[in-house]
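One letter stands for each residue in the lines below.
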Amino acid sequence: MAETDGYGDPTKIMVAVNESSLKGYPHPSISSRSAFEWTLSKLVRSNFSGFKLLFLHVQVPDEDGFDDMDSIYASPADFKSMKERDKIRGLHLLEFFVNHCHELGIKCEARVRKGDPKDVICSEVKRLQPDMLVVGCRGLGPFQRVFVGTVSEFCVKHANCPVITIRRNADECPQDPIDD
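Notes on the structure follow. (Residues numbered from 1 in each chain as written. Predicted model: local features only at pLDDT ≥ 70, side-chain atom pairs only at ≥ 80, totals over all residues. Heavy atoms only, no water.)

1. Some thoughts on the packing of helix α3 (residues 117-128) against helix α5 (residues 151-158)
Running from N to C, α3 and α5 point in directions that differ by 35 degrees, and their axes come no closer than 9 Å. α3 and α5 meet at a crossing whose hand is right-handed. Every residue of α5 that contacts α3 at P117, K118, D119, I121 and C122 is listed here: V151, F154, C155 and H158. Grouping the constituent residues of the contact of α3 with α5 by class yields six nonpolar, one polar and two charged. (Axes fitted to C-alpha atoms, helices over the stretch in contact; angles between N-to-C directions. Helix = DSSP H or I, 4+ residues; strand = E, 2+ residues; numbered from the N terminus. Left-handed = near helix turned anticlockwise from the far one by under 90°. Contact = heavy atoms within 4.5 Å. Nonpolar A, V, L, I, M, F, W, Y, C, P; charged D, E, K, R; others polar.)

2. Topic: the nonpolar core
Grouped together as the largest cluster of nonpolar side chains are 20 residues, with contacts concentrated most on I13, V15, F36, L53 and F55. Breaking this core down by element, the ones donating at least two residues are β1 (11-17), α1 (30-44), β4 (51-59), α2 (76-104) and β6 (132-137). Looking at this core, the element that brings in the most residues is α1, giving five residues. Setting aside anything within four residues of it in sequence, one finds V15 in contact with A35, T39, L54, F55, L56 and V134. Residues L54, V120, C122 and V135 belong to the second largest nonpolar core, which totals 15 residues. (Core = buried A, V, L, I, M, F, W, Y, C linked by side-chain atoms within 4.5 Å. Buried < 20%, exposed > 50% of the residue type's maximum accessible area, 1.4 Å probe, protein only.)

What follows is the structure, encoded as structure tokens:
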């Protein structure tokens, strides 16, 4: 793989990451860690200056915005506080990836967006124009895919760049494959 795009710019790889469904913030999911580690070991290798990693974390808004509370009294300041808390949680997740890149000397950027991960990832790919997208996948069976859906399959079909999906290692899979 070439170090640059022919104009001296590093190869831009977007890596979509999410939080662990088992541990929550700020822990990255097994799939996100696998995608990141694969990108480092198989693409970047020791060519740290030839790549720029673009990390994207998409926060899925809670339907009512109240994180499963029965009821809430909220002032405008409360809503501002909740938005700030969500932003901080996303940044803490991204800190894992950014710190690792910094230690290795790999250029990177990190973004937190809100919405449906499938749509937001494809929109950000269109806007930022990375050379490729790397996403983790849980390896769900056909029955689970029908009910859960997969972000990785959607991105393969709709992203405007090559997409590499990375499955979790078998020894890392939790008892329930939906967990990550």
